[in-house]
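# Descriptive structure summary
What follows is the residue order along each chain.
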Amino acid sequence: MQEFILNTERKTSQAMYMEGYGKFSPEYLRIVSTAEMNLEDAKVLGIRDRVKLMSRDGVSVIVNVKVTDGIPRGTIFLPPGPWANVLITEGTDAIGVPSFRNEKIFVDTTTEPVTSLEEILRILSAKVLQIPHGTDIPLKSGEKRIIENVACPICAELCDYLKIEITGNRIVRNIGGCAKSVSKFLNYHKDRILKPYIRINDKLVEVSLEEALDKAADILVNAKYPLIYGLSITSVKTDEYAIQLAELLRGAVDNPSTFCHGPTSLAVQEVGGVFTTFSDVINLADLVIFWGSDPINSHVNHLSRNIVPKGRFIGGRKDRKIVVIDIRRTELANMADLFIQVKPGRDVELITALRMALHDLDIEVDNVAGVPRDMVYKLADMMASAKYGVIMYGLGITENGVKHRSVEELMKLVQDLNEYTKFAVMPMRGHYNVVGSNEASLWLTGYPYAVDFARGFSRMYVGVTTAMDLLINGDVDAALIVGHDPVASFPRKAVQHLSRIPVIVIDPKWSLTTAFADVIIPSGMTGIECEGSAYRMDKIPIRMKKILDPPPGVLCDYEILKLLIDRVINKKVGKA
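Conventions adopted
- Residues numbered from 1 in each chain as written.
- Predicted model: local features only at pLDDT ≥ 70, side-chain atom pairs only at ≥ 80, totals over all residues.
- Heavy atoms only, no water.
- Buried < 20%, exposed > 50% of the residue type's maximum accessible area, 1.4 Å probe, protein only.
- Helix = DSSP H or I, 4+ residues; strand = E, 2+ residues; numbered from the N terminus.
- Pairing = 2+ DSSP bridges.
- Phe/Tyr/Trp six-rings, centres within 6.5 Å; stacked < 30°, edge-to-face > 60°.
- Lys NZ or Arg CZ within 6 Å of the ring centre and 35° of its normal.
- Axes fitted to C-alpha atoms, helices over the stretch in contact; angles between N-to-C directions.

## Details of the pairing of strand 14 (residues 287-291)
The buried count for strand 14 comes to 5 of 5 residues, which makes it a mostly enclosed element. By the alternation rule, side chains of strand 14 split into Leu287, Ile289 and Trp291 and Val288 and Phe290, which are all buried. Strand direction decides the pairing type here: strand 14 and strand 15 (residues 321-326), joined by 5 bridges, are parallel. By the bridge assignment, Val288 is partnered in strand 15 with Ile322. By the bridge criterion, 5 bridges tie strand 14 to strand 19 (residues 388-393) in an arrangement that is parallel.

Shown next as structure tokens:
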């Protein structure tokens, strides 16, 4: 058994199968249970098609393995999902961000079969193992319609130029969307939750909406300190109602930025930031640096929308230099003008060296974080001589190394560069309204996430009131999950606490979290069946259209939360 570094990394195919066939589909499960490993490492260990991965505290899973020469030796890459998250230990470095990257694990050969989803759910102590997934909305033919300028509810790129062709209630074409977008729109009807459910013993029993709402309200009213979590694949209106409900319950409310770009918010609070918009990138940027970000897999239309097109002062890709800084050679790196491979977890050293080079300070070592000194000077010169530069950074920065401290140094680097030229940063945000959930939280509470109302007013204690820490430490006694799937994204110990407390799930589709739910309430799909607003990654608000009606008896998530608020108020008055 040999020690390796585990890094989680999203794949386009993962999102396509998730949106198209659901998280219980064999296609999705195969993707998230397949690891990538260096070819030489596999030869040394005698690994062929499967590998045993063990966490530092002794929990192990068997996964498929794909060998490649495109990743550094001593590392394992695995898509985020239940197989990876079982291996992630509970430490959050007191900022609410577990080590989804640069996590130490142990690797061994095996001939055992791949660990099944049911085995994973048993490890996580799921309440229900038989989920009635696979229910679809019946499709009917009818009038043909074409709806233009539709915003895509996938990622924070929020492409708002789609043309959607509909026949009856069947979406037949998505013009302008990426592969993920096409999969979501054309398969919106698949694997849907169509009726409310309540858990009785180890079974989910179908009930009326009134019964489900009453049960949910009882859980929330009787809880001493409930957590409301999710809100990144919903509308801003839903975020507002969720915050109102959290304040009413004197609970906590959090969103997924807690473990992705929460470090960005913390860094901006400390040192500020210089930000930009898509328009400025298209029209002005002659140097774009992708640092710890792989938009070919995470934001598929980003290059064709912002990097390739001609701008007012830039003649398109030919006038724009692209630099990629990452721990592995990504697909984008093969298209870049310059690729710099940095050692895992050591980005802050390279950022510091770049700042030294800008200030004409000597770098006394031959290489910094695996990057030759001459390359550091070359990159610093490229940055300082650019007319308008942008650093687009992703989870490779925020979830790696010293996390928010790396982002702080990145912000300082950009501030230094503005003494020479014009430079900005753009966080490559994930879910389509994760920025909106931050913005709504900021204007209503003064804090972007991890907001606590236990004392009757808003507070934020990172590492204490962040959702991950609240669950890992067992501080909350109920959870309301709105439009998110923490079982597919939280580390093992956090998920195991969900098995010990009442859980309410509001979601359009069957998620892995429904295996831990005591109440399930179906909701309409924002951007397809429900309208609202969302914020793009550059903080530009975008209107989400309603192009179809939700299934009969299914409400939009903000309508469900409004009904819950009314019931909670009535029950609290009754208890008083």
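## Section: the packing of aromatic side chains
The full count for this structure, using the stated rule, is 6 aromatic pairs. Residues Tyr17 and Tyr21 carry aromatic rings whose centres are separated by 5.9 Å and whose planes lie at 35° to one another, so their mutual orientation is tilted. Taken together, the residues span about one helical turn, with Tyr17 and Tyr21 both in helix 1 (residues 12-21) at a distance of 4 residues. An angle of 55° between the planes, with centres 6.3 Å apart, marks the rings of Trp443 and Tyr535 as tilted. Note that Trp443 is positioned in helix 17 (residues 434-445) and Tyr535 in strand 26 (residues 532-535), a separation of 92 residues in sequence. Taken together, the ring pairs connect Phe100, Tyr229, Phe259 and Phe490 into an aromatic cluster. Here the basic side chain of Lys539 rests over the ring of Phe275, its NZ or CZ set 5.5 Å away from the ring centre.

## So, the sheet that holds strand 7 (residues 144-150)
Within the open sheet, the 3 strands sit side by side as 7-8-9. Their pairing is antiparallel. Unpaired on one side and paired on the other, strand 7 and strand 9 (170-175) mark the two borders of the sheet. Along the sheet, successive strands turn relative to each other by an average axial angle of 20°, direction set aside. The sheet contact formed by strand 8 (residues 162-167) and strand 9 spans 5 bridges and is antiparallel.

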